[in-house]
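Survey of secondary and tertiary structure
Here is how the chains run, residue by residue.
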Amino acid sequence: MSDPASHVTSTDLATLTQRSKLPVELQNASGLKKLDWVLSLDDPRAFVAGLAPQELHYWLRDIGKEDAYPLLEYAEPEQLRALVDIDTWTRHELSIPRFLEWFDLALAVDLETAQRFILAQDDELLMWLVTGELQVLPADADIDLIPDELAFFSSPDGLYTVTVPRDHPLEERIPQLMRLLWDADMDRARELFQQAQFELHESVNEDMERFRNARLQDLGYEPPTEALEVFSVVPLQTLKQALRDAPSLAANLGPAIGSASGMVTDLILKDVRPPDLLRDAISTLDERNRKLYGDGFAYLANKVFMAEIGDLSRLDDLPQAAHYAVGLANLGLSYLAMESEDLAARIVTQVTPETLFKAGWTLVTAVAKKARRLAHRAGVDRGFALFGSPTDETISAAATLRPVFPELLEGGAALGYRPVRTLADLSLLEARVDQATAELDAFEHRFGLTIDALEAADLPGIGPDARRRIRLTTLVRTGLLHLLLSDEFRFAPVDRDSLVAFSRAAFAEGGLSATFMRLVKSVSAPALEPTDASTNAESFAVSRLLERAMDELVESLGNVAERDLDLRYAGELFLAATV
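Residues numbered from 1 in each chain as written. Predicted model: local features only at pLDDT ≥ 70, side-chain atom pairs only at ≥ 80, totals over all residues. Heavy atoms only, no water.

Quick word on the overall build of the protein chain
- Within the protein chain, the secondary structure is distributed over 27 helices and nine strands.
- Taken over the C-alpha trace, the protein chain has a radius of gyration of 33 Å; the compact-globule value for 579 residues is 25 Å, which it surpasses by more than 25%.
- Across its three principal axes, the protein chain shows a C-alpha extent of roughly 100 × 75 × 45 Å.
- Relative to its 579 residues, the protein chain shows a buried fraction of 50%.
- Considering only contacts in the protein chain between residues 6 or more positions apart, those separated by 24 or more positions represent 71%.
- Of the side-chain charges in the protein chain, 56 are positive and 93 negative, and the distance between the mean point of each set is 8 Å. (Helix = DSSP H or I, 4+ residues; strand = E, 2+ residues; numbered from the N terminus. Rg over C-alpha atoms; globule rule 2.2 N^0.38 Å. Buried < 20%, exposed > 50% of the residue type's maximum accessible area, 1.4 Å probe, protein only. Contact = heavy atoms within 4.5 Å. Lys, Arg positive; Asp, Glu negative; His and termini not counted. Charge placed at Lys NZ, Arg CZ, Asp CG, Glu CD.)

Written as structure tokens, this is what we have:
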């Protein structure tokens, strides 16, 4: 291990795991400065040809492919093919306009580069282009029988005719594509067009997609159906015990995909800053294992991306997948290491980033199950928001397919969402979900009203939108209003006269009246003294609900003069009949 004094204190994963070899002065430079740096090298061809195919793609995206296209002059055939594999598909279908964008960039370099670009593509892709809506006919086909809605072009040797629907993206490009292919390799061109006359477009597409998926898997992009395995739960206690007993597994830290050895810049892990525990643990690794951990995290980010999105045309979302992956990996490490820095440093020599991620995923899944049950009971899918902020945001965030943390829970002004990164994050989520569940349980049991009954209830003057804005505190205050005025706890909508009468009786000098507070206290406790834990828990939940309801009441209505009482502004305080 390295000297602890050399630990990196604040950095992104790309730098921490030494996956970035770009000169320091260029790491935050503009794309054009990076391009100038490459072109000024003694041998830019060797530099570009030495890039892993996916890194060339990231490099072109980072600079901007409209500016960086001159680098295509130096790209090898497998790199040119990878650019098409990565950047021109939408899920299961090749996008012809995006394919033509890359072809035009190659053409902007020179004809030789455009020719190499075409030659680099699979036979299946080239056949796919001239099947389906396009058709290849033999030279002796009667062109008078070709419908007017189709344009047609002869191959350079006159042996084939290709028909193209007018206004098709390839209508103006097929002559150029055929000429480049014939000039580069006439025998291959003739064989492909001969075969294309008899191949079904769907069959060619299946072959093309299968070969592409195999190449993508070699680059670290698993098919979405296989990548979903990353969202698996693991037996945490068994894993904990195994870590206590296992020797170091540093030699097997992660898959050897996307090796960092020739990495110039890593756009997956760039700006992805690991939380403190994970950062400090990785910084204790020696240089070799730190690089292996970088490979493992890049592979993990790719896997999470393919499982969540599965569409490489949306690679701009890949860094977001990396942030999510690193957050959950830190959560898993925190749990397995019991937040001990020394134990975490040992664990990262034994456990791959993917296993840490799965441990974190197992933890958030348990909370998510609770949140989903609560969301269903509380009618979230029907538009109800019973608890107010930040509880409603927390339930929605925790109940999503990929649970996240609402920054509102941290008490600041931030309104966004981020990955669940620490045990403290997890505890805040779970505590808020458990509290809301207890309040809903208590409300249903003590007051006998469920979300189904609320949705179906006869509430004159309460429209559908207003009904969905009803909170538990709204219902409690409404019940207390009627209890104070008529000795009956009920959820009937109030009118202005009732609101005025309640205001007179409920408020006194300096706050709520003694009479009203005695009534609130009678509602908060059952008629008999609690005798078991469940009854105590229910009373506590009701008391908490009433306390919040009273705080909101005093804050919103305590200083409002009687003449200013208006039902239009009382919709969150009471069931107010306003329509």
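Next comes the rest of the description.
Things to note about the environment of Tyr221
- Along the chain, Tyr221 turns up in the loop between helix H12 (201-218) and helix H13 (224-227).
- Separated by 91 residues in the primary sequence, Tyr221 and Leu312 have C-alpha atoms spaced 9.0 Å apart.
- If we ignore the near neighbours within four places in the chain, the residues touching Tyr221 are Gln54, Tyr58, Ile86, Leu216, Asn302, Met306 and Leu312.
- A distance of 2.4 Å separates the side chain of Tyr221 from the side chain of Tyr58, its partner in a polar contact. (Polar contact = N/O pair within 3.5 Å; in protein donor to acceptor, adjacent residues only side chain to side chain.)

Describing the packing of helix H24 (residues 472-486) against helix H25 (residues 496-506)
- Following both chains from N to C, one finds H24 and H25 inclined at 75°, their axes separated by 10 Å at the closest point. Considered as vectors, H24 and H25 are oriented roughly perpendicular to each other. Between H24, through Leu481, Leu484 and Leu485, and H25, the contact on the second element is made entirely by Ser498, Leu499, Ala501, Phe502, Ala505 and Ala506.
- Class assignment of the residues belonging to the contact of H24 with H25 gives a composition of eight nonpolar, one polar and no charged. (Axes fitted to C-alpha atoms, helices over the stretch in contact; angles between N-to-C directions. Parallel < 35°, antiparallel > 145°, perpendicular 65-115°, else oblique. Nonpolar A, V, L, I, M, F, W, Y, C, P; charged D, E, K, R; others polar.)

A look at the pattern of salt bridges
- All chains considered together, the criterion is met by 39 salt bridges.
- With a closest N to O distance of 3.9 Å, Arg166 and Glu171 form a salt bridge.
- Overall, Arg166 belongs to the partly exposed group, its relative accessible area being 45%.
- In this structure, the salt-bridge partner of Glu562 is Arg504, at a minimum N-O distance of 2.6 Å. Here Glu562 is found in the segment after helix H27 (533-557), whereas its partner Arg504 is found in helix H25, with 58 residues between them in sequence. (Salt bridge = Lys/Arg side-chain N within 4 Å of Asp/Glu carboxyl O.)

So, the nonpolar core
- Phe297, Phe357, Leu480 and Phe516 are the most contacted members of the largest nonpolar core, which has 125 residues in total.
- Looking at which element gives the most residues to this core, the answer is helix H17 (residues 318-336), with twelve residues.
- The contacts of Phe516, once residues within four sequence positions are left out, are Leu480, Leu484, Phe502, Ala506, Met550 and Leu553.
- Grouped together as the second largest cluster of nonpolar side chains are 57 residues, Leu71, Ile118, Val136 and Ile174 included. (Core = buried A, V, L, I, M, F, W, Y, C linked by side-chain atoms within 4.5 Å.)

Re the packing of aromatic side chains
- Applying the stated criterion to the full structure yields 16 aromatic pairs.
- Ring geometry for Phe502 against Phe574: centres 5.4 Å apart, planes inclined by 75°, an arrangement best described as edge-to-face. Within this pair, whereas Phe502 is found in helix H25, its partner Phe574 is found in the segment after H27, the two being separated by 72 residues in sequence. The pair Phe502 / Phe574 is uniform in exposure class, with both members buried.
- Ring-pair connections join several aromatic residues into one group, and the members of that group are Phe231, Tyr324, Phe357 and Trp361.
- Over the ring of Tyr335 we find Lys240, and its NZ or CZ is 4.2 Å from the ring centre.
- The ring of Phe231 has Arg402 lying over it, and the distance from NZ or CZ to the ring centre is 3.6 Å. (Phe/Tyr/Trp six-rings, centres within 6.5 Å; stacked < 30°, edge-to-face > 60°. Lys NZ or Arg CZ within 6 Å of the ring centre and 35° of its normal.)

Some thoughts on the pairing of strand E4 (residues 150-154)
- As paired elements, E4 and strand E5 (residues 160-165) share five bridges and run antiparallel to each other. In the sheet register, Leu150 faces E5, and the bridge partner there is Pro165.
- Linking two consecutive strands that pair antiparallel, namely E4 and E5, is a turn of five residues; a positive phi of about 75° is found at Gly158 within it. (Pairing = 2+ DSSP bridges.)

Interpretation in functional terms is not warranted from these geometric data alone.
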